[in-house]
Every structure is written in structure tokens, then in C-alpha cells.
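Residue-level listing of the chains:
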Amino acid sequence: MPLKKFVVGNWKMHGVAADLEQVTAIAEAAAERPGVDAGLCVPATLIERAVRAAPGFTIGAQDVHHLEKGAHTGDVCAAMLHDAGASLVIVGHSERRDSHRERDEDVRAKAEAALRSGLATIVCVGESLAVRDAGEAVATVSAQVDASLPRSDIAKLSVAYEPIWAIGTGKVASPDDIEEMHAAIRERLVAAYGEAGRHVRILYGGSVKGSNAAEIFAVPDVDGALVGGASLKAADFVPILDAAAAAVEGAPAIA
Ligand code: PGA
């Protein structure tokens, strides 16, 4: 049975007060499309204002520390995110795995801390171009999933498959490659969680935009999208919400 689509914007290191009107416009559009779950992960500095600019809309963060508090200069813990009004967090984005040297075990600890606190949590995985060219993509991502998955309550867990070579490049994985990878991730989720693993949403990310979203959402086991560049402006993001809504309407039933 298809799961309700989840479309999340990742603003990365973009967003100041002047951009709050985009948050409001995106939230208003999302409210008009109740068949789709939507959210925006903004910089930590903008969370509280984004929540105020978009009451009732899901605002999230892009990282969280795995500990509850302490001497960790520059870090933010789950309780702080809740305090600011966030209800969602991304962990293990490839940009953090790369530039902050986050390993699977770090990602898993962050996911466990986030879920324990009640934050909806998106765990990101994805292979480099070298790995794909070597024919190792499925094995590599499967291993990443196994090692990054939280061993905790997974009711609010999603996984995002984001091939690194497709992020911000305009290149998109082919529907066949996405289908193969999402099926492999689903298999790992069921291996880890049993039947509950069938209800974990698997998002695709990497150069998703209005013009390719419908094709991506039509792929089996694509339960949504994690969107970077095309989430910064309502004019770019709303067509992706529309594609998700249309995919839901065309589906036989919603879990
Ligand atoms: P992109 O980024 O949509 O700009 O490719 C996706 C992501 O990194 O989450």
C-alpha cells in the first residue's frame, strides 16, 4: 500500500529574515494540499522565526547533536530544537558526512537522540560517483543503511536516498536506478525492523524539481523527496508538492 508522500525542503546554509515570506508561501500552499506531508529544514538561526511565519507547518533542522547537553561549542541538541519549535531534523546528509567527517555510527547516534526526543527524523544515505561507476552503489548504500539506522522507536523515521553526484548538479538518477536502490533500502528496513520497516518512508533527493518530480514520484517505493535548491522559493517548491499530490491521487490507497 503506498505511503503518504513526504516532501521536505533542505535550505542548507541559506535563509535570513527576508526569506521568511517564502516559508509562509510554502506553508500556505502545503495547507491546501492535505494529501501530502510537507516540511522545511531551515538553518538553526531561522527555526523559531520560521515557525512563527508558518503556524502549524512542519519546520525542521539540518543536524542535531547526539547528547542532551554539555560542553559542545557550536552544537545544538534535540531539546533546543524542540524549544525553538522544530518538529523534524535531517541527520547524516552527505555534506555533513563529508565536511564534518560524520560516520555511520555518528549518524545513528544522532538519529536515536532525535527520535528519542520525539523529532521526526530523516536519515540520509547515498553513494559517490566513483562508487556507482565501480558497480558498488547498492552494496555501499545497503551497508550505510544497516550501520546508520537507529535502534529505537521508528514511528517517525524516514530514510533519504541521495546519490552524492546528483546533489546540486542537475543530474538525476534514472527511474530504474532509483527503483533498484529504494527496493534495496526497503529490504534493509524490513531486515532491521520487520513489517514496521514497510512503513518507513524512503525519500529520493538530488536535483528534484517541478519538471522531474512526477516521474520520480511514480517510481515504486519513492515515498517523497528531499529537495535542496528547488525548495528555496515557493515558485519552485510548490510544483513539487503538486506532483506529490497528483501521485497520491493516482494511487489506489494511502496508508
Ligand atoms: P538539491 O539538494 O535538490 O539541490 O540537489 C538535495 C539535498 O542535498 O538534499
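One structure accompanies this document, and this report is about it.

Reading the values: rules and limits
Residue positions are given per chain, counting from 1 as you read along its sequence in written order. Only residues with pLDDT of at least 70 are given local features in this predicted model, and only at 80 or more are side-chain atom pairs given and counted; all residues enter the totals for whole chains, interfaces and linings. Side-chain descriptors were evaluated using all non-hydrogen atoms of the structure, hydrogens and water having been removed beforehand. Being near a molecule or strand, for a residue, comes down to having at least one heavy atom within 4 Å of it. Any pair of N or O atoms that falls within 3.5 Å is considered a polar contact. Within protein, one atom must be able to donate a hydrogen and the other to accept it, and sequence-neighbouring residues count only if both atoms are side-chain atoms. Methods summary: accessible areas were calculated by the Shrake-Rupley approach with a probe of 1.4 Å, and residue burial reflects only the protein chains presented. Ten residue types, Ala, Val, Leu, Ile, Met, Phe, Trp, Tyr, Cys and Pro, are classed as nonpolar, four, Asp, Glu, Lys and Arg, as charged, and the remainder, Gly among them, as polar. Helix numbering and strand numbering both begin at the N terminus, where a helix is a DSSP run of H or I of at least 4 residues and a strand a DSSP run of E of at least 2. Remark: nonpolar core denotes a set of buried residues (Ala, Val, Leu, Ile, Met, Phe, Trp, Tyr, Cys) joined through side-chain atoms within 4.5 Å. Burial status follows relative accessibility: with a 1.4 Å probe on protein chains alone, a residue under 20% of its type maximum counts as buried, one over 50% as exposed, and anything between as partly exposed. Should any heavy atoms of two residues lie within 4.5 Å, those residues are counted as being in contact. Where helices are involved, their axes are fitted lines through C-alpha atoms of the stretch in contact, as for all axes, and angles between N-to-C directions lie from 0 to 180°. Every angle not falling under 35 degrees, over 145, or within 65 to 115 is termed oblique; those three ranges are roughly parallel, roughly antiparallel and roughly perpendicular. Whether two strands pair comes down to DSSP finding at least two bridges between them. Lining residues are those with an atom within 4 Å of a point, where the points come from a 1 Å grid over the protein atoms alone and group into cavities, where a 1.4 Å probe fits but cannot get out, or pockets, open sets with protein on both sides within 12 Å along at least five of seven lines. Grid points are joined across faces, edges and corners, and a volume is the space filled by probe spheres set on the points.

Lys-12, His-93, Glu-162, Gly-168 and Ser-207 are the nearest of the 13 residues found near the ligand. Within the side chain of Lys-12, an N or O atom sits 2.7 Å from an oxygen atom of the ligand. Here an oxygen atom of the ligand sits 2.6 Å away from a polar atom, N or O, in the side chain of Glu-162. Burial of the ligand by the protein amounts to 95% of the accessible area it has alone, namely 280 Å². Looking at side-chain class alone, the shell around the ligand contains 4 nonpolar, 7 polar and 2 charged residues.

Further remarks concern unusual backbone geometry. The phi dihedral of Lys-12 falls on the positive side, at around 50°, and the residue is not glycine. Its place among the elements puts Lys-12 in the loop between β1 (6-10) and α1 (20-31). Here the phi dihedral of Arg-101 falls at roughly 55°; this positive angle occurs in a residue that is not glycine. Examined against the element boundaries, Arg-101 turns out to sit in the loop between α4 (94-99) and α5 (104-117).

Before going further, it helps to spend a moment on the nonpolar core. Among the nonpolar cores identified, the biggest contains 70 residues, and Val-7, Leu-40, Phe-57, Ile-185, Tyr-204, Phe-217 and Ile-240 are the most heavily contacted of them. With 8 residues, helix α10 (residues 234-250) is the single largest residue contributor to this core. Look past the residues within four positions of Phe-57 in its chain and what remains in contact with it is Ile-26, Ala-27, Ala-30, Ala-38, Gly-39 and Leu-40.

Here the focus is the packing of α5 against helix α7 (residues 137-148). Taken N-terminus to C-terminus, the directions of α5 and α7 make an angle of 45°; their axes are 8 Å apart at the nearest point. Here α5 lies oblique to α7, going by the angle between them. Taking contact as the criterion, the partners of Asp-104, Glu-105, Val-107 and Arg-108 in α5 are, on α7, Ala-143, Gln-144, Ala-147 and Ser-148. Broken down by class, the residue content of the contact of α5 with α7 amounts to 3 nonpolar, 2 polar and 3 charged.

Bringing the pairing of strand β5 (residues 120-125) into the picture now. Of all 6 residues that make up β5, 6 are buried, and the element is covered over most of its length. Alternating residues of β5 divide into Ala-120, Ile-122 and Cys-124 and Thr-121, Val-123 and Val-125, and every residue in both groups is buried. With 4 bridges connecting them, strand β4 (residues 88-91) and β5 associate as parallel partners. In the strand pairing of β5, Ile-90 is matched with Ile-122. As judged from the 5 bridges shared by β5 and strand β6 (residues 157-161), these two strands associate in the parallel manner. Paired with Val-123 across the two strands is Val-159, which belongs to β6.

One number sums up the size of the largest pocket: a volume of about 540 Å³. Around the largest pocket sit 21 residues that line it, and Lys-12, Gln-62, Asp-63, Arg-96 and His-100 are the ones nearest its centre. Of the residues forming the lining of the largest pocket, the biggest block, 3 residues, is contributed by α4. Each residue belonging to the lining of the largest pocket can be placed in one class, and the counts come to 9 nonpolar, 7 polar and 5 charged.

With respect to the helices and strands, the residue Ser-117 is situated in helix α5. Classification of Ser-117 by relative accessible area gives partly exposed; the value is 29%. Between the alpha carbons of Ser-117 and Glu-68 there is a distance of 9.4 Å; along the sequence they are 49 residues apart. Non-local contacts of Ser-117, meaning those with residues more than four positions away in its chain, are made with Ala-78 and His-82. Polar side-chain contacts of Ser-117 include one of 2.7 Å to the backbone oxygen of Ala-114.

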